[in-house]
Every structure is written in structure tokens, then in C-alpha cells.
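If you want the building blocks of each chain, they are given just below.
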Amino acid sequence: MRAIIIGAGIAGLAAALRLHQAGWETLVIERAPQRRGGGYGVTFGGIGYDGAERMGVLPELRRRAFVTRELVYRKPDGARRFSLDAATIAATMGKRSFTILRGDIEAVLYEAVADHTTIRFGTTITAVEQDADAVHVTLSDGSTEHADLLIGADGLHSATRALAFGPEEDYRLDLEHRVAVYILKEPPADLPAQTTGSISAGGRTFAMMSVGDGRTAAFFGYRTDGGRAGASLEELHELYGDMGWLVPHALEGLKTADSVYFDSISQIVVDRWSTGRIVLLGDAAWCVTLFAGYGSSLAVGGADQFGAALERHGHDVPAALANWEAELRPEAEKKQKLGRRVKEVYAPRNPLVLELTQLPLRLSSWGPVRRLIERGFQLAG
Ligand SMILES: Cc1cc2nc3c(=O)[nH]c(=O)nc-3n(C[C@H](O)[C@H](O)[C@H](O)COP(=O)(O)OP(=O)(O)OC[C@H]3O[C@@H](n4cnc5c(N)ncnc54)[C@H](O)[C@@H]3O)c2cc1C
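Residues numbered from 1 in each chain as written. Predicted model: local features only at pLDDT ≥ 70, side-chain atom pairs only at ≥ 80, totals over all residues. Heavy atoms only, no water.

The protein chain has the name FAD-dependent oxidoreductase in an unreviewed UniProt entry, where Nonomuraea salmonea is given as its organism.

Asker: Help me get a handle on the overall build of the protein chain, residues and values and all.
Answerer: From N to C terminus, the protein chain includes 13 helices and 18 strands. Taking 2.2 N^0.38 as the reference for a compact globule, 381 residues should give roughly 21 Å; the C-alpha atoms of the protein chain span a radius of gyration of 21 Å, in line with that estimate. Each principal axis of the C-alpha distribution contributes one length, and for the protein chain these read about 65 × 45 × 35 Å. Relative to all contacts within the protein chain whose residues are 6 or more apart in sequence, the contacts with residues 24 or more apart total 72%. Carbon and sulfur atoms form 52% of the exposed surface of the protein chain, whose accessible area is close to 16,700 Å². Computing the positive centroid from 42 side-chain charges and the negative centroid from 47, the protein chain places the two 8 Å apart. (Helix = DSSP H or I, 4+ residues; strand = E, 2+ residues; numbered from the N terminus. Rg over C-alpha atoms; globule rule 2.2 N^0.38 Å. Contact = heavy atoms within 4.5 Å. Areas by Shrake-Rupley, 256 points an atom, 1.4 Å probe, with all protein chains shown as cover. Lys, Arg positive; Asp, Glu negative; His and termini not counted. Charge placed at Lys NZ, Arg CZ, Asp CG, Glu CD.)

Asker: An account of the pairing of strand 6 (residues 97-101) is needed here, citing residue identities and associated values.
Answerer: Judged by how many residues are buried, strand 6 sits mostly within the fold: five of five residues are covered. Because side chains alternate across strand 6, one face comprises the buried residues Ser 97, Thr 99 and Leu 101, and the other comprises Phe 98 and Ile 100, equally buried. Taken together, the five bridges between strand 3 (residues 41-45) and strand 6 define a ladder with antiparallel strand orientation. Within the sheet, the bridge partner assigned to Val 42 lies in strand 6 and is Ile 100. (Buried < 20%, exposed > 50% of the residue type's maximum accessible area, 1.4 Å probe, protein only. Pairing = 2+ DSSP bridges.)

Asker: An account of the side chain of Thr 289 is needed here, citing residue identities and associated values.
Answerer: Counting through the fold element by element, Thr 289 comes out in the loop between helix 9 (283-286) and helix 10 (295-313). Look at Thr 289 and you get buried, because its relative accessible area is 8%. Setting aside residues no more than four positions away along its own chain, Thr 289 makes contact with Leu 175, Ile 265, Ser 266, Gln 267 and Gly 339.

Asker: Mind laying out the domain arrangement of the protein chain, listing which residues take part and the relevant values?
Answerer: Segmenting the protein chain into domains produces domain 1 (2-66 + 96-173 + 268-345) and domain 2 (174-265 + 347-380). Distance from the C-alpha centre of domain 1 to the C-alpha centre of domain 2: 27 Å. In this assembly, domain 1 packs against domain 2 so that about 1,900 Å² is buried in total across both faces, 64% of it on carbon and sulfur atoms. On the domain 1 side of the interface with domain 2, the three residues burying the most area are Tyr 40, Lys 343 and Val 345, jointly 32% of the side's total. On inspection of domain 1 and its partner domain 2, the count reaches two salt bridges. Here Arg 215 makes a salt bridge to Asp 104, at a shortest N to O gap of 2.8 Å. Joining domain 1 to domain 2, the criterion identifies seven residue pairs in polar contact (both at pLDDT 80 or more). Those elements giving two or more residues to the side of domain 1 that touches domain 2 turn out to be strand 12 (172-183) and helix 11 (317-345). Taken together, the residues that form the side of domain 1 that touches domain 2 break down as eight nonpolar, six polar and six charged. (Domains from an automatic or database assignment. Buried area = accessible area lost by both parts, 1.4 Å probe. Salt bridge = Lys/Arg side-chain N within 4 Å of Asp/Glu carboxyl O. Polar contact = N/O pair within 3.5 Å; in protein donor to acceptor, adjacent residues only side chain to side chain. Nonpolar A, V, L, I, M, F, W, Y, C, P; charged D, E, K, R; others polar.)

Given below as C-alpha cells:
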């Protein structure tokens, strides 16, 4: 059995690995000229953790995970408001969960699968057709490929989805925020290792995060519901120009950053993730957004469950797709709901609302509350 996978991000590489383990041959098509890497620190847990364990990549992911010893909430001028220590951060994460740079998840999956798949970089999908027996894909280099299955793992702005399901506008729910993330070429001397600093004020959030191996990631996330039209990285200077602390350092670092992730925060809501032998996976199918803090975990866990469904159903691809979707959809929808709830309280414009939304965080560093949180995780686990 053979699958063509569009996109070599976390979902695409996890699918290539899991399908290889299920005895499938895979071809991965990636539009970027090389692996993209980068991104911000993400929480990895839930079905992603379970899936990574079954796929055998958990030890390497854990090895690259990083620990935050202190998370400091600051005022726009940099003055400390309050902080969470390592024990409190660990309590809010639970045991089967860790933080890791998004690009490191991609790197671990790539290293695990590189010898078992072909990855064609600098290439994209331009057309697709299918019949009862196979799917036929035309690529941007003019070649045509045939397979038993086409997996669209090409992210939020999926070309596979546009070709097989229809235009992005029909499926994209704009959560009215934008995000810019990048690794700084010159990490600031003032951010101690294993710490994160964060500022939230006037509908804008900034964070600087130490993400392991001496690397530092800068994060800007801000509301666009006030009617910001065209998206341009230039707007960061205008929007964040009044902030102090490490904001000027981060804005300077924007000029030299190798790769900047800059996008709207949007969910993808598709009634059915597959049509015939074409299936969507990861952000292309169900983007939950960073508000849910679960995109990478769902991508890996979703790929694992997908491979397991193919193993169960043998050559009956449509049955495997239906079975997999029935199993995974409730989890994806639950996280989408969470993402929409978090959107309402993320980066509030009103200072009073900010104080209220951060109150639980302030309280969480108090011993009895922290123990309650830990107990909650034990019960949930
Ligand atoms: C560079 C980058 C940085 C990111 N940083 C963060 C972050 O800091 N925080 C966060 O919460 N989320 C981030 N994300 C999103 C996060 O990775 C995803 O939510 C999650 O990992 C699910 O991944 P995915 O594989 O479904 O989609 P993605 O991670 O978006 O991967 C999609 C892949 O498909 C490729 N692709 C796109 N279009 C085509 C096409 N037409 N043809 C072929 N290939 C195509 C892309 O280049 C990419 O490699 C980032 C994504 C990228 C690409």
C-alpha cells in the first residue's frame, strides 16, 4: 500500500513514520526548500504523548524537552508583577506532558523516518483526481504520482484541502488574533537560562522564552478585532513600540531571524476529514490553534491513531478513515471549544479583566492550590 503525504510538518512526518510502521510505502511532498524547524515552545502531552510512546520516539522527544524554572509576568516597562516557580509550572502540566520547541518535534520525527520515506522538497500539489482504486496527484514539478491514499498534512492554509474540499474561506474560523514567533540569532543576556518572561497589556502579549540548548524564542500575539486589515511584520514595531524590557531586543532580532512564523490565529472546521481516498490530517483538518495548546499533540496522536486504524482495516481504506475519524473527532472538537473559550480571555484590552484572568495563576503558586491542581491531574489521569 502506498500513500502520498503533502507537508513535512509534525503531522506529515508523524504520518510517514506511523504508516511505515504499518507496512506502507510513503512519499512526502514539502513546499519549503528544506525543513522549516523553529517555532515556539509547545506543551506536548495527551494523545500525542501516548502516540509518541507507541511510535518509539518518546525517549528522543523527552531528551530534547526543556524545563522552565521560572515564569515571570511583567508590566509593559519590564517591572515584575508575579511569577510561577518550577513546582507550580510542573503541577499545571501533569506528569505525562513536557515542553519542547516545535521544531525539535519535527526534527525527531524526521530523523526517525528519513531512511524509510522519500521527501521531495520545493514541491507542491497542483491537481488531484481519484477513482475507486487509486488517487492520482499532479505535482508542481510536472510529475504525476499514484497511490492508495493521499494525506493532506499541509497545515492551516492547506492546498490539498482547497483542491479536494473547496476554498479556505469555507472552513476557516478567524479567531481575530495574529502571532509572530521566531528564534533569536542573538539571545539576550538579561534572560536567565530556563526562564520565560511575559507581558500582557492593551490587547497585546509578548513573551521571551528560553527553549533549551542556549536558544531563545520571541513571541508576539495580539488582537486584530479592532479591524487591522493587511498583515505585515512591520506592524509589530508600531504595535509594541511603547513596551520596554526585552521587547526592543526582540524587535531588533526580527531583522536577522532565519525563519519567522507569522500568521492569523484561525481554526479549521471541516464536517468530514476525508473524501474517498483523500484525507486531511493535523492543522489542515482541525487546527485547534495555540489557544488550545494542543496542536502538536493532536498531530502526533492523530497520526498514530490513523496508522492503527489502517492496520485494523487492511486494504479497506474508506472503512479505516471512517473509523479513525469517529474515534478522534470528539477529542479535536473538545480542544477547538477550549481554543474558542481561551480566545475570549487572551490578551484582554481591559486591565481589570487582565487582573481577573490572571488571578488563578497568581493563586496557583500558593501551596494548597497547587496541591489541588496536582490532585486534579491525578484524578484525570
Ligand atoms: C514554521 C512553523 C512554525 C510554527 N510555530 C508555531 C508556534 O510557535 N506555536 C504554535 O502553536 N504553532 C506553531 N506552528 C503550527 C504548529 O506546528 C501546528 O499547529 C502543529 O504542529 C500541527 O502541525 P501540522 O503538521 O498539521 O501543520 P504545520 O506545522 O503548519 O506543517 C505544515 C507543513 O506543510 C507544508 N506545506 C504548507 N503548504 C504546503 C503545500 N501547498 N505543499 C506542500 N507542503 C506544504 C509547510 O511548509 C509545513 O512544513 C508552526 C508551524 C510552522 C510551519
